[in-house]
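Structural description and commentary
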Amino acid sequence: MKQFIFWVVLITISGYFMLQNTGCTHEPIFTDPIDPIDTIGNPIDTFPIDTTDFVPCDDHVVYFEYDVLPILISNCSVPGCHDDATHEKDIILTSYAKVMSTGKVKPYDLYDSDIYEVITEGDEDKWMPPSPRVRLNQQQIDVIATWISQGAQNLTCDLDPVCNITNVSFAQTVYPIIERNCRGCHSGPAPSGSISLENYTAIRSVAQSGKLYGVTARLPGFIPMPRNRGPLQSCEVAQIKSWIDAGMQEN
């Protein structure tokens, strides 16, 4: 009899707890997805680069889009000169097709190309860019001269898919980017927007204000730069940011 009572009590208690558990259903708890963990110690590639059609740049070749066009956009195809709206003397220097059709460039013939003649002109009243704008430096002149001598072709290539943003040098990396893409507008006695980017001191000042990264990264609230052309390459923007984050050293 005692054994019978024991089993009755046990069944009653078990039934009570079963009813309690089915009386409230909890919604599953969702958490943010967890980043994958590499258990063998190798870095996880979250941004794989497709190099199937990768065409490496040749250091001995001048590429129009990467080497020549930024010089022309920054120094020549500005408002009042050879941009699409002004087209001074019907010369437009905003694209390869327009340079070749209006710029009087003779492939392989340096001294019969008007564009080379005006950037090396000895008469101040005739040289381009015109005063008071800053003349092209010798390195920029050499780039254009080499491009013409190599046939003034519209060759393309791909920059190194590995973007180095470690220990970025001002002299070797940041300044060449700015000189190639920005110096033409932001130099001389009357720089565009009253912003000069001629030297380290001036560039550091603009970087400290947040404007250098803001305009080159085309962040909201900033005027996209460079003007009248596409953005800087993502690697170039990343290198500028890395230099700024590291303290904007004159290295």
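Everything below is about the structure printed above this text.
One structure accompanies this document, and this report is about it.

What counts as what
Residues numbered from 1 in each chain as written. Predicted model: local features only at pLDDT ≥ 70, side-chain atom pairs only at ≥ 80, totals over all residues. Heavy atoms only, no water. Axes fitted to C-alpha atoms, helices over the stretch in contact; angles between N-to-C directions. Helix = DSSP H or I, 4+ residues; strand = E, 2+ residues; numbered from the N terminus. Parallel < 35°, antiparallel > 145°, perpendicular 65-115°, else oblique. Left-handed = near helix turned anticlockwise from the far one by under 90°. Contact = heavy atoms within 4.5 Å. Nonpolar A, V, L, I, M, F, W, Y, C, P; charged D, E, K, R; others polar. Disulfide = S-S within 2.5 Å. Buried < 20%, exposed > 50% of the residue type's maximum accessible area, 1.4 Å probe, protein only. Phe/Tyr/Trp six-rings, centres within 6.5 Å; stacked < 30°, edge-to-face > 60°. Lys NZ or Arg CZ within 6 Å of the ring centre and 35° of its normal.

Close contact between helix 2 (residues 64–75) and helix 5 (residues 138–149) brings their axes to 10 Å; oriented N to C, the two are set at 130°. With respect to their mutual orientation, helix 2 and helix 5 come out oblique. Helix 2 and helix 5 meet at a crossing whose hand is left-handed. Note on element contacts: helix 5 touches helix 2 through Gln140, Val143, Ile144 and Trp147, opposite Phe64, Asp67, Val68, Ile71, Leu72 and Asn75. Across the contact of helix 2 with helix 5, the residue classes tally to seven nonpolar, two polar and one charged.

The tally for this structure, following the rule as stated, stands at two disulfides. Two residues, Cys57 and Cys157, share a disulfide whose sulfurs are 1.9 Å apart. With the S-S bond torsion at 80°, the cross-link from Cys57 to Cys157 turns out right-handed. Taken as a pair, Cys57 in the loop between helix 1 (2–22) and helix 2 and Cys157 in the loop between helix 5 and helix 6 (170–181) lie far apart in primary sequence, 100 residues in all. The disulfide pattern of the chain is 1-2, 3-4 when the bonded cysteines are numbered in sequence order. As a non-bridged cysteine, Cys182 has Cys185 as the owner of its nearest cysteine sulfur, 8.3 Å distant. Residue Cys182 is classed as buried on the basis of its relative accessible area, which comes to 12%.

What follows deals with the packing of aromatic side chains. Given two aromatic rings, their pairing is described by the distance between the two centres and the angle made by the two planes. Tallied over the full model, the rule gives six aromatic pairs. Relative to Tyr175, the ring of Phe170 has its centre 5.9 Å away and its plane inclined at 45°; by these criteria the two rings are tilted. The ring of Tyr213 has Lys241 lying over it, and the distance from NZ or CZ to the ring centre is 5.9 Å.

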